[in-house]
Amino acid sequence: MAKKFSGSEAGNVVEMPAAKASEAAQKDKAARKPAKAKGFDIEAATLPESIIDAAYHSGGYPYGKRMKRKRYSRELQPLQIELQKLMRWVQKEGERIVIVFEGRDGAGKGGTISRFTQHLNPRHARIVALSKPSDTETGQWYFQRYAAEMPTAGEMVFFDRSWYNRAGVEPVMGFCTPAQTEHFLREAPAFEGMLARDGIRLIKLFLTIGREMQMTRLHARWHDPLKRWKLSPMDFEAIPHFDDYSRAFDAMLGRTSTEDAPWFVVRSNDKLRARLNAIRHVLRAIPYKDKDETAIGALDDKVVISVARYLDKGGEPEG
């Protein structure tokens, strides 16, 4: 059976008086960019033109054209050389670095991580992508299995999703109670503060994409036999629950961005720009030896945005 999604499936319609409904609609229209696509069939051979046309600019993406692959390759190489310097410094100084990658399904977390680690020694640059908890882990302190993956001296750890499942997929899909999510939002800053005070350098990146861009990427995964493995049952719920995720992510970003562990949002409709600027952000955030500022280049503040500025501009898109 074809898997079809519609924005109308994301929630129940609540009737209200006409005057209030009109006022609410006007506020809603002013606050959001409406989605152009009403439905989505992941098994269809091609996507509707409305989705394809809207994808790149969805979610208010600021660029009109994609970055050229040639320019991307030219800018990526010196950044990866700088990552080698960073890794040598981490090993020599016994530093511990944790980089958390969170974001929407299809936002490019895995691809971005792979560009970080492509030329790094896997003995010292480790990727953590945990599956769902076992029965034993479910009965443990929530942060316990993540704490066990923290780096030792001279190591960098990249979390491809993290403890923030409790603020995103779990509450949206009903895998935890509202009380558990509220408890998490209170405790996560304390957990991360403990890591920071112990000397771990913690960097948190949230990758976001627009609704139509998410549609195109999930559709592409379904139709590529080499990438279909990336689709989980949760991915099929990403579109009908798009707005639910928006609200959950806004709450997560607003309540868990702290001085010890601030969030930065990476706008990822253009994967190439997102990868380059995610690497630049990390290189600029860590004071490693022999840093070459010219090689790193300027951070694009249209692509990597502080949480305060992002939420001030409306936060995650809805529609």
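Each chain has its residues counted from 1, running along the sequence as written. Reporting in this predicted model follows two pLDDT cut-offs: at least 70 for local features of residues, and 80 or more for side-chain atom pairs to be given and counted; totals over whole chains, interfaces and linings ignore these cut-offs and use all residues. Each side-chain value is derived from all of the structure's non-hydrogen atoms; neither hydrogens nor water enter the calculation.

**Regarding the side chain of Arg267**
Numbering of helices and strands runs from the N terminus, with a helix taken as a DSSP run of H or I at least four residues long and a strand as a DSSP run of E at least two residues long. Relative to the helices and strands, Arg267 resides in strand β7 (residues 263–267). Polar contacts here mean pairs of N or O atoms no more than 3.5 Å apart (in protein, one a potential hydrogen donor and the other a potential acceptor; neighbouring residues in sequence count only if both atoms are side-chain atoms). Reaching out from Arg267, the side chain makes a polar contact with the backbone oxygen of Gly59 at a distance of 3.1 Å.

**Brief notes about unusual backbone geometry**
Positive phi, close to 75 degrees, is recorded for Arg161, a residue that is not glycine. Structurally, Arg161 is set in the loop between β5 (155–160) and α7 (169–173). Phi is positive for Asp290, close to 60 degrees, though the residue is something other than glycine. Only protein chains enter the area calculation, which uses a 1.4 Å probe; residues under 20% of their type maximum are buried, those over 50% are exposed, and those in between are partly exposed. You can call Asp290 exposed: its relative accessible area is 56%.

**Topic: the packing of helix α8 (residues 178–197) against helix α10 (residues 242–256)**
Packed helices, taken two at a time, are described by the angle between their axes plus the distance between the axes. Here an axis means a line fitted to C-alpha atoms, over the contact stretch when the element is a helix, while the angle between two N-to-C directions is reported on a 0 to 180 degree scale. Running from amino to carboxyl end, α8 crosses α10 at an angle of 40 degrees, the nearest separation of the two axes being 9 Å. The angle between the axes of α8 and α10 places the two elements in the oblique class. Regarding α8 and α10, the two cross each other, and that crossing is right-handed. Every residue of α10 that contacts α8 at Glu182, Leu185, Arg186, Ala188, Pro189 and Glu192 is listed here: Met252, Arg255 and Thr256. When describing relative orientation, an angle under 35 degrees is termed roughly parallel and one over 145 degrees roughly antiparallel, while 65 to 115 degrees is termed roughly perpendicular and anything else oblique. Handedness of a crossing follows from how the near helix is turned relative to the far one, being left-handed for an anticlockwise turn of less than a right angle and right-handed for a clockwise one. In what follows, residue pairs with any heavy atoms lying within 4.5 Å of each other are defined as contacts.

**Describing the packing of aromatic side chains**
Any pair of Phe, Tyr and Trp rings, taking the six-membered ring for Trp, is counted once the centres come within 6.5 Å. Such a pair is stacked with planes under 30 degrees apart, edge-to-face with planes over 60 apart, and tilted for the rest. One pass over the full model with this rule turns up 22 aromatic pairs. Ring geometry for Tyr56 versus Tyr61: centroids 5.3 Å apart, planes at 75 degrees, classification edge-to-face. Each of the two residues, Tyr56 as well as Tyr61, counts as buried. As a reminder, the over-ring test applies to NZ of lysine and CZ of arginine, requiring each to be within 6 Å of the ring centre and within 35 degrees of the ring normal. One cation-aromatic arrangement involves Arg228 over Trp222; the distance from NZ or CZ to the ring centre is 4.1 Å. Between the NZ or CZ atom of Arg273 and the centre of the ring of Tyr63, over which it lies, the distance is 3.8 Å.

**A word on helix α11 (residues 271–285)**
Working rule for helices: expected span equals 1.5 Å times residues minus one. Helix length check: α11, at 15 residues, gives a terminal C-alpha distance of 21 Å against a target of 21 Å (1.5 Å per residue), a fit within 8%. When you tally the buried positions in α11, you get twelve out of 15 residues, the bulk of the element.

**Observations regarding helix α9 (residues 211–222)**
Given a rise of 1.5 Å per residue, twelve residues ought to cover 16 Å, and the 17 Å separating the end C-alpha atoms of α9 matches this to within 8%. For α9, the buried fraction is high: eleven of the twelve residues fall into the buried class. All buried positions along α9 are accounted for by Arg211, Glu212, Met213, Gln214, Met215, Thr216, Arg217, Leu218, His219, Arg221 and Trp222.

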